[in-house]
Structures are given as structure tokens and as C-alpha cells.
Amino acid sequence: MTAPRSILIIGASRGLGLGLASEFAARGWAVTATVRSTAQQAPLQALPGVCAEQLEMTDADSLEQLAERLNGQQFDVIFVNAGVAGPAHHSTAQASAEEMGHLFLTNAVAPLRVAERLLPQLSPEHGLIVFMSSILGSIEAGAGLGMPLYGASKAALNHLAQCFVRNQDNPQLGVLLMHPGWVRTDMGGADAPLDIASSCKGMVEQVSAAIGQPGLRYLDYQGNPLPW
Ligand SMILES: NC(=O)c1ccc[n+]([C@@H]2O[C@H](COP(=O)([O-])OP(=O)(O)OC[C@H]3O[C@@H](n4cnc5c(N)ncnc54)[C@H](OP(=O)(O)O)[C@@H]3O)[C@@H](O)[C@H]2O)c1
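In this text the structure is predicted, and so the values were computed from the model without any measurement. (Residues numbered from 1 in each chain as written. Predicted model: local features only at pLDDT ≥ 70, side-chain atom pairs only at ≥ 80, totals over all residues. Heavy atoms only, no water.)

### So, the sheet that holds strand E6 (residues 174-179)
And step 1. Pairing within the open sheet is parallel, and its seven strands lie in the order E3-E2-E1-E4-E5-E6-E7. The two strands at the open ends of the sheet, each matched to only one other strand, are strand E3 (50-54) and strand E7 (215-220). The sheet shows a mean angle of 20° between the axes of neighbouring strands, direction not considered.
And step 2. Of the pairings in the sheet, the one linking strand E1 (residues 6-10) to strand E2 (residues 30-35) comprises four bridges and is parallel in character. Within E2, the position partnered with Ile7 by the bridge is Val31.
And step 3. Lying over the sheet, helix H1 (residues 15-26) contacts E1, E2, E3, strand E4 (77-80) and strand E5 (128-132), oriented at roughly 170° with respect to E1.
And step 4. On the sheet, helix H3 (residues 60-70) packs against E1, E2 and E3 and is oriented at approximately 145° with respect to E3. (Pairing = 2+ DSSP bridges. Helix = DSSP H or I, 4+ residues; strand = E, 2+ residues; numbered from the N terminus. Axes fitted to C-alpha atoms, helices over the stretch in contact; angles between N-to-C directions. Contact = heavy atoms within 4.5 Å.)

In C-alpha cells:
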């Protein structure tokens, strides 16, 4: 009998992260998933076999502590899901330095710091890192779809992920930039056409298929390649 696949999901208190934890666990994966504070662990603890961890992704000490707790563990997949929508005004004219710092730190810089710091916890033979991107981060396809500041932060994530891949000397490493569709979550809002379960089922299928495939791809939850 082979060991079940294992995944570390960053940002799983609610929305797509919690949906992913639920779907991977339902398919027999060993799931470790993070929330920002212990007070948020209950929904994860209600999922059979899911191990709840803690990470504030923008805090270097919090990342260091998580890395120390995970020392010795190895995952097939690390899925960095956490992200924020940015200021509700979505306006370059109104955006403050603080708002922009928070948006770009959370959506672009911190996910790469997480991947870099936790790389020793990824299987070197077939490990896969997934970053939750968005179609809004596509330079070619994202403009005009709304939320330009948020889209710019995801374009920055896509760029940093490309730089990350070029800096790795492991030819077996796989990296996915994932667009989940437009989904009814706190971020996606009530008008979004997709429910969490449908998006997460699709993403779990794409992740499962991508294990053992080296290189970088930008895909949606149905496996369609997206233009950079
Ligand atoms: N929904 C969509 O239509 C859609 C479309 C394209 C891409 N996405 C992307 O999908 C991902 C999940 O979105 P969602 O719709 O599920 O949003 P959501 O319901 O707002 O959930 C966001 C998640 O990210 C966590 N998070 C935010 N900042 C964090 C930080 N600094 N450290 C750790 N965790 C943090 C939140 O934790 P707390 O509960 O502690 O705040 C929460 O678990 C995001 O990256 C988003 O950009 C969503």
C-alpha cells in the first residue's frame, strides 16, 4: 500500500483555502492547513484527518516558527492560497502607501517568502508548489476585468514565481499559478457564478495531475492554460 499524498495549505480559515482542505481530505490526502490564529482552527479541526497549523503570512517570525514546527516533515504539495482583495475603492488615485504595501506584501511578496522558506519541506523528487493567482493577474487578459490594483498584485506574484523557478537548481520542481474561477467567497462576493466546492474539485484535479510534472504553468481550475 502506498502512503497517501500530503499537502500543506496556507490560508485555510475560510473560502477557497477551507474548501481545498475539505476536498483534499475527502480524497484521502494527508492535509496540514494554516490559519492566522488558534481561534480560527475549529472549521479545520472538524474535518477528519486535517492537521491545523498557524501562520500570519506577512510576519517573518511567524513563518520562521512554522518552518521550525514542520522541520522533518515533507509534503508532496505546498499550496499558498492566502490573499487579500485590497482597498474597496480600487483606485490608484486614492490608494495610500499603507494600503499598497499591505496588498503587494500579502499577495506577491509573502507567498514567495513562504515558498522559499518551506522548500526543504517539499519532496525534491516530485514536489509541487501552487500559488493562488487570478486571471486578473494576466497582463494580456486581465486588463479591463476590474480590480486593477489587485490584478497588479497578482501580476507581481506571477512575475516573482517565474523568477523563483529560474533560481531553482532542482529540474524536478513543479510550480502552478492557479486561477480558481470567479467564486462565491467573502472576496469573490455573492454575484460570482461558481460555488466553492466546484472550484475546489477542479483545482484538486489539476493539482493531482500536475504532481511529477516539472516546470511552471499558469492554469485555471479546469486546466485551461492562461496567457501571461
Ligand atoms: N474568490 C474568487 O473569485 C477568487 C478569484 C481569483 C483568485 N482568488 C484568490 O484565491 C485566494 C483565496 O481567496 P478567497 O476567495 O477564498 O478569499 P477569502 O474568503 O477572503 O479568504 C482569504 C483567506 O486568506 C487568508 N489570509 C489573508 N491574509 C493572510 C495573511 N496575511 N496570512 C495568512 N492568511 C491570510 C484569510 O485568513 P483570515 O480569515 O485570517 O482573514 C483567508 O483564509 C486568494 O489568494 C484570492 O486572491 C479568489
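Having seen the structure, we can now continue with the description.
### Comments concerning the pairing of E4
And step 1. Residues Val77 and Phe79 point to one face of E4 and Ile78 and Val80 to the other, with burial holding for every one of them.
And step 2. Bridge count between E1 and E4: four bridges; the pairing is parallel. Directly across from Ile9, in E4, lies its bridge partner Phe79.
And step 3. Of the strand pairs in this sheet, E4 and E5 are connected by four bridges, and their pairing is parallel. Looking across to E5, one finds that Phe79 is bridged to Val130.
And step 4. Once you follow E4 into helix H4 (residues 97-118) and on to E5, the crossover reads as right-handed. (Buried < 20%, exposed > 50% of the residue type's maximum accessible area, 1.4 Å probe, protein only. Right-handed = clockwise from strand over helix to strand, strands pointing away.)

### A few points about the environment of Pro48
And step 1. Relative to the helices and strands, Pro48 is located in the loop between helix H2 (42-45) and E3.
And step 2. Between the C-alpha atom of Pro48 and that of Glu125, which follows or precedes it by 77 residues, the distance is 28 Å.

### A few points about the packing of H3 against H4
And step 1. Running from amino to carboxyl end, H3 crosses H4 at an angle of 30°, the nearest separation of the two axes being 10 Å. Comparing the axis directions of H3 and H4 gives the class roughly parallel. Every pair of crossing elements has a handedness; the one defined by H3 and H4 is right-handed. Every residue of H4 that contacts H3 at Leu63, Glu64, Leu66 and Ala67 is listed here: Arg113, Val114, Arg117 and Leu118.
And step 2. Residue composition of the contact of H3 with H4, by class: five nonpolar, no polar and three charged. (Parallel < 35°, antiparallel > 145°, perpendicular 65-115°, else oblique. Left-handed = near helix turned anticlockwise from the far one by under 90°. Nonpolar A, V, L, I, M, F, W, Y, C, P; charged D, E, K, R; others polar.)

### Digging into the side chain of Ser153
And step 1. Tracing the sequence through the fold places Ser153 in helix H5 (residues 148-167).
And step 2. The exposure class of Ser153 is buried, given its relative accessible area of 0%.
And step 3. Here Asn107 takes part through its side chain, which lies 3.0 Å from a polar atom of the side chain of Ser153.
And step 4. A distance of 2.6 Å separates a polar side-chain atom of Ser153 from the backbone oxygen of Tyr150.
And step 5. When neighbours within four sequence positions are excluded, Ser153 is seen to be in contact with Leu103, Phe104, Asn107 and Ala108. (Polar contact = N/O pair within 3.5 Å; in protein donor to acceptor, adjacent residues only side chain to side chain.)

### Structural notes on H4
And step 1. The terminal C-alpha atoms of H4, which comprises 22 residues, lie 29 Å apart, in line with the 32 Å expected from a rise of 1.5 Å per residue.
And step 2. Three or more residues of H4 are buried, namely Met100, Leu103, Thr106, Asn107, Ala108, Ala110, Pro111, Leu112, Val114, Ala115 and Leu118.
And step 3. Lining the buried residues of H4 we find E1, H3, E4, E5 and H5. (Expected span 1.5 Å × (residues − 1).)

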